[in-house]
Amino acid sequence: MAQIGSFALLFALVCSAYCVIAGVIAIVSKRTFAMPLGETARRAGIATFALVFLAALILVVAAFENNFSIAYIFHHSNRDLPAPYKFATLWSGQEGSLLFWALLLSAYGLVLRLRYKTDVRLFACASVIISAVQVFFLLLLTFAARPFAVMQGSLPADGNGLNPLLQYPEMVIHPPMLYLGYVGFTVPFAFALGALAMRYPGEKWIRITRRWTMVTWGFLTCGIFLGAHWAYSVLGWGGYWGWDPVENASLMPWLTGTAFLHSVMMQEKRGMLKMWNIWLVFATFWLAILGTFLTRSGIISSVHAFAQSPIGNWFAWFLAISLTVFIVFFFRNKSQLRSEHKLESLVSRESSFLFNNLLFVLLCFTVLWGTWFPKISELVQGNKVTVGAPFYNRVAIPVALLLLVLTAVGPLLAWRKTSLESLRRNFMWPTIGAIAVAALLMITPQTWGSPFGLKPWQDISYFYSLMAIALSLLVTLTVASEFYRGGRVISKHTGQNIFASMGQLMHRNTRRYGGYIVHFGVVVVIIGFAGAAFNQDKEQEMGYGDKMIIGSYTLVCRSYTDDDSPNYASQWAVFDVYKNGKQIDTMTPVRRFYKASRQTSTMPDIRSTLDEDLYLVFEGFNPENGHPILKAHLNPLVMWIWIGVWIMLAGTVLALIPNARASVRAPVAARLRPAHAEPVIAGD
Amino acid sequence: MIWLVECLLLVVACVLYVFCLPGRLFVGPATTRSGYLRERKDAIYENLRDLNFEYAAGKVPDADYASLKLSLQDEAATLLAEIARLEKSSATAVDRRTKA
């Protein structure tokens, strides 16, 4: 089985290389054989998918069959591992996750190659670029990180098992989501570079990749927040984001990808920022690869980075080559990317997108700098200096607040220029509402652990929280006013009630209104983040009947019990939770000892409500007196983060739905309407 | 040795799929300057639709609406003129070829 897997990867490499070479000749050549040659290149790309899929399937089957003759299966699985985790074995180690990456890339390539009739030449170019990236991953899998390497010597009876931290349901879906996001950005990059290399006129590549980019962005968003939720639910430190290099690695392409999703609208609508967009899409692709380099090379220490491995050099070379190729094409063909219009006013939709982009890129650069700072300081000073959360927060929080301002302001500004009268008309009521809520939060009586009674002058974190909540309300009001105003126009023309009209409005321009829903989701997430200013925690030895008070909760230790399963042994701590003298719950944080890997891990118990999370961690026993230790965290508003993510994803899905045809006529007919032109209608 | 046979079958299947092409291949339309201009025209019409809708929704004051609409219409007029010129010249070229 291992031999067939290895051969499938080797032959996939041959097919990919053929796709690149034949594809380039077919694109460049003007002779009659170019077309059939191009078709064979496309088919070789499709064959690559079949071969990589076969290799991945063989690895998964080997995991289910406990085939420990394959070294990868021995290192990442064991007989008693539950079935879903055996499936997850595919992406739980270095070689498998690279194979999974290659599989996703070939799957994206398959979809692209099957849809080639949209624009044969542009798709052929994109197919060649995707295959070139595929060649790199298949070279790695064939020569440097072989998933089908066989065990030497006698066959082991059982495997080492999966890392205990990864034995959590979300870990079955978190890596695929993240990888779908990382890998997916190769597609818009391939189209952008293809269009640039071919000197393709117009913005067709943007229209083709619009949905790809949104889908990819949705996957990456989902992957990042699943990772945050996993960290919160499994790692036991009470937080969801630690600015760990691996977390940063996923955030950087997300930031540039988000910037691209916004700035691309300027290119579509006004033919502006063409150079910027092509750099952004390249940066997103490049940062996704850089993130993989970061996690695979061991060059920077991280909780979940793999150990030092030689494949880091492969990634470094690939990054250097891809940057060089891009720069060469950019400087050869940049005359193609001249803007069709100039920025006419600082108060316009264009400038709001521009500032939004600058902020995203600034944040990305900060994260990049902070992530690489240990390495840079080592090179310059000779000793590693690691930067922590305060460094990132100093930049990230003000930038996030400014982005919230732009999220509120941007949709209400007109393209080209906005007058003072327009500003007053659109912003007066939302601004009054936001200021009123901020004042209300300041004058209400202080309640410990909640945003009421906030005194922003007492602590900078309170100031940030107050600003975040007030600006979130501003965004919510502007989004609501967009829906209401649009709904009212449709209602006036159709006679439907306002809610049905708003539904119709969304269906007529799913991209715009889906985007607004994503903005609302971001607001909900930000409110969740703002709650972190009021976090509390407490650690205490807890014998039978001992009490701990945290916030409005009283915890009483009831008992400690043991449990055993084939995969792990568990120790449970049982606590009764009281609020206002009344028992409201029983919580059971756990410590597990995984038998195959001989590692211990904690499994916190979390009681989530809309107000706050009560988060208990059974930390083990005091080595001096043997008393059990409990750590409790009270984290306000965390559930808002997870709700916000669902809203963001719902908005993304809505934005992917095709628009319905509009039927409401414009109030003013266009001055110029030639006989063959489409009617200019309102409603979308 | 069975794996060798299986690998050989895999190669044969892939080679047959890649190189046995159907008689007629899909070519698709060529990319032209007028096609690009039509794309731009569609974008401007979409901007006009957005502007009309925002005006109807009360987001854009009268003066702003008039000036923004006028500039979009001017832009559309320039594009339409160039499209018409390109179509005329291509039609003339076809006529010449037919007469010849």
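Small disclaimer: the values here were computed from a predicted structure and weren't measured.

## Description of the overall build of chain B
- Counting secondary structure elements, chain B contains 3 helices and 0 strands.
- Ordered by position from N to C terminus, the α and β elements of chain B give α-α-α.
- Scaling as 2.2 N^0.38, a compact globule of 100 residues should have a C-alpha radius of gyration of about 13 Å, whereas chain B reaches 27 Å, well beyond that.
- Projected onto its principal axes, the C-alpha positions of chain B cover 80 × 50 × 15 Å.
- Taking all 100 residues of chain B together, the buried fraction comes to 26%.

## With respect to the overall build of chain A
- Of the regular secondary structure elements, chain A holds 19 helices and 10 strands.
- Computed over C-alpha atoms, the radius of gyration of chain A comes to 28 Å, within 12% of the 26 Å expected from 2.2 N^0.38 for 684 residues, which places it in the range of a compact globule.
- Here chain A holds 684 residues, and the buried ones make up 50% of them.
- Considering only contacts in chain A between residues 6 or more positions apart, those separated by 24 or more positions represent 70%.

## Comments concerning the confidence of the model for chain A
- Of all residues in chain A, 94% attain a pLDDT of 70 or more, and the chain-wide mean is 86.
- The low-confidence segment residues 663-684 of chain A, where pLDDT is below 50, has 45 contacts with residues more than four positions distant or belonging to other chains.

## As for the domain arrangement of chain A
- Segmentation of chain A into domains returns domain 1 (1-167), domain 2 (171-338 + 346-407), domain 3 (408-533 + 640-656) and domain 4 (540-635).
- Domain 3 of chain A and domain 4 of chain A are separated by 38 Å when their C-alpha centres are compared.

## Quick look at the interface of chain A and chain B
- Taken together, the contact between chain A and chain B spans 50 residues of the former and 41 residues of the latter.
- By residue number, the principal contributor to the side of chain A that touches chain B is helix 2 (residues 34-64) of chain A, which donates 7 residues.
- Across the side of chain A that touches chain B, the residue classes tally to 25 nonpolar, 9 polar and 16 charged.

## Overview of the packing of helix 10 (residues 245-270) of chain A against helix 13 (residues 349-381) of chain A
Residue and element names in this part refer to chain A.
- Where helix 10 meets helix 13, the closest approach of the two axes is 9 Å, and the angle between their N-to-C directions is 160 degrees. By the angle class used here, helix 10 and helix 13 are roughly antiparallel. By crossing handedness, the relation of helix 10 to helix 13 is classed as left-handed.
- Split into classes, the residues belonging to the contact of helix 10 with helix 13 amount to 14 nonpolar, 8 polar and 2 charged.

## As for the pairing of strand 5 (residues 582-587) of chain A
All names here are of chain A.
- Note: strand 4 (residues 568-579) against strand 5, 5 bridges, orientation antiparallel. Looking at strand 5, one finds that V577 is bridged to D585.
- The turn joining strand 4 and strand 5, which pair antiparallel and follow one another in sequence, is formed by 2 residues; a positive phi near 55 degrees is taken by N580.

## What to know about unusual backbone geometry
Residues and elements named next belong to chain A.
- For W243, which is not a glycine, the phi torsion comes out positive at approximately 55 degrees.
- When you line up the elements, W243 lands in the loop between helix 9 (204-235) and helix 10.
- On the basis of neighbour count, W243 is assigned to the partly exposed category, with 18 C-beta atoms found within 10 Å.

## Quick look at the sheet that holds strand 10 (residues 628-636) of chain A
Residues and elements named next belong to chain A.
- Pairing is antiparallel across the open sheet formed by 4 strands, whose spatial order is 1-10-9-8. Only two strands of the sheet have a single neighbouring strand rather than two, namely strand 1 (536-541) and strand 8 (605-608). Taking each pair of neighbouring strands and ignoring which way they run, the sheet shows an average axis angle of 15 degrees.
- Pairing of strand 9 (residues 612-621) with strand 10, which is carried by 9 bridges, proceeds in the antiparallel orientation. Note that in strand 10 the partner of F618 across the bridge is L630.

## Considering the confidence of the model for chain B
Residues and elements named next belong to chain B.
- Of the residues in chain B, 99% reach a pLDDT of 70 or more, and the chain-wide mean stands at 85.
- When pLDDT is averaged over each helix and strand of chain B, the minimum, 85, is found for helix 3 (residues 62-99) and the maximum, 90, for helix 1 (residues 2-19).
- Scored as a whole, the predicted complex attains pTM 0.88, and scored at its interfaces, ipTM 0.81.

## Some remarks on helix 5 (residues 94-114) of chain A
- Helix length check: helix 5 of chain A, at 21 residues, gives a terminal C-alpha distance of 30 Å against a target of 30 Å (1.5 Å per residue), a fit within 8%.
- Burial analysis of helix 5 of chain A places 17 of its 21 residues in the buried class, which makes it a mostly covered element.

## Describing helix 16 (residues 460-494) of chain A
- In a regular helix each residue adds 1.5 Å, so 35 residues correspond to 51 Å; helix 16 of chain A covers 50 Å between its end C-alpha atoms and thus fits that length.
- Residue G495(A) follows helix 16 of chain A closely and has a positive phi angle near 80 degrees.

## A few points about the environment of A569(A)
Residues and elements named next belong to chain A.
- With respect to the helices and strands, A569 occurs in strand 4.
- Note on A569: 14 C-beta atoms within 10 Å, which makes it partly exposed.
- Taking the C-alpha atoms as reference points, A569 and T600, separated by 31 residues in sequence, lie 9.4 Å from one another.
- Aside from chain neighbours lying at most four places away, what touches A569 is D564 and F593.

## Observations concerning the environment of A596(A)
Residues and elements named next belong to chain A.
- Inspection of the secondary structure assignment puts A596 in the loop between strand 6 (590-594) and strand 7 (599-603).
- For A596, a count of 19 C-beta atoms within 10 Å puts it in the partly exposed group.
- Placed 28 residues apart in sequence, A596 and Y568 show a C-alpha to C-alpha distance of 8.2 Å.
- Aside from chain neighbours lying at most four places away, what touches A596 is N78, D158, G159, N160 and G161.

## A short note on the pairing of strand 7 of chain A
Residue and element names in this part refer to chain A.
- The sheet contact formed by strand 6 and strand 7 spans 5 bridges and is antiparallel. Across the sheet, R592 pairs through a bridge with S601, a residue of strand 7.
- Taken together, strand 6 and the strand that follows it, strand 7, pair antiparallel across an intervening segment of 4 residues, in which R598 is found at a positive phi of about 55 degrees.

## Points about the environment of Y464(A)
Residue and element names in this part refer to chain A.
- Structurally, Y464 is set in helix 16.
- Spatially, the C-alpha atoms of Y464 and K342 are 35 Å apart, while their sequence positions differ by 122 residues.
- Apart from residues lying up to four places away in sequence, Y464 is in contact with I397 and A533.

## Considering the packing of helix 8 (residues 186-197) of chain A against helix 12 (residues 311-333) of chain A
Residue and element names in this part refer to chain A.
- One can describe the packing of helix 8 onto helix 12 by two numbers: an axis separation of 9 Å at closest approach and a directional angle of 40 degrees. When the axes of helix 8 and helix 12 are compared, the pair comes out oblique. In this structure, the crossing between helix 8 and helix 12 has a hand that is left-handed. Counted together, L193, L196 and A197 of helix 8 and F326, F329, F330 and N333 of helix 12 form the full contact between these two elements.
- Residues belonging to the contact of helix 8 with helix 12 are distributed by class as follows: 6 nonpolar, 1 polar and no charged.

Calculation criteria
- Residues numbered from 1 in each chain as written.
- Chains lettered and ligands numbered in written order.
- Predicted model: local features only at pLDDT ≥ 70, side-chain atom pairs only at ≥ 80, totals over all residues.
- Helix = DSSP H or I, 4+ residues; strand = E, 2+ residues; numbered from the N terminus.
- Rg over C-alpha atoms; globule rule 2.2 N^0.38 Å.
- Buried ≥ 20, exposed ≤ 12 C-beta atoms within 10 Å, placed from the backbone.
- Contact = placed C-beta atoms within 7 Å.
- pLDDT = per-residue confidence, 0-100.
- Domains from an automatic or database assignment.
- Nonpolar A, V, L, I, M, F, W, Y, C, P; charged D, E, K, R; others polar.
- Axes fitted to C-alpha atoms, helices over the stretch in contact; angles between N-to-C directions.
- Parallel < 35°, antiparallel > 145°, perpendicular 65-115°, else oblique.
- Left-handed = near helix turned anticlockwise from the far one by under 90°.
- Pairing = 2+ DSSP bridges.
- Expected span 1.5 Å × (residues − 1).

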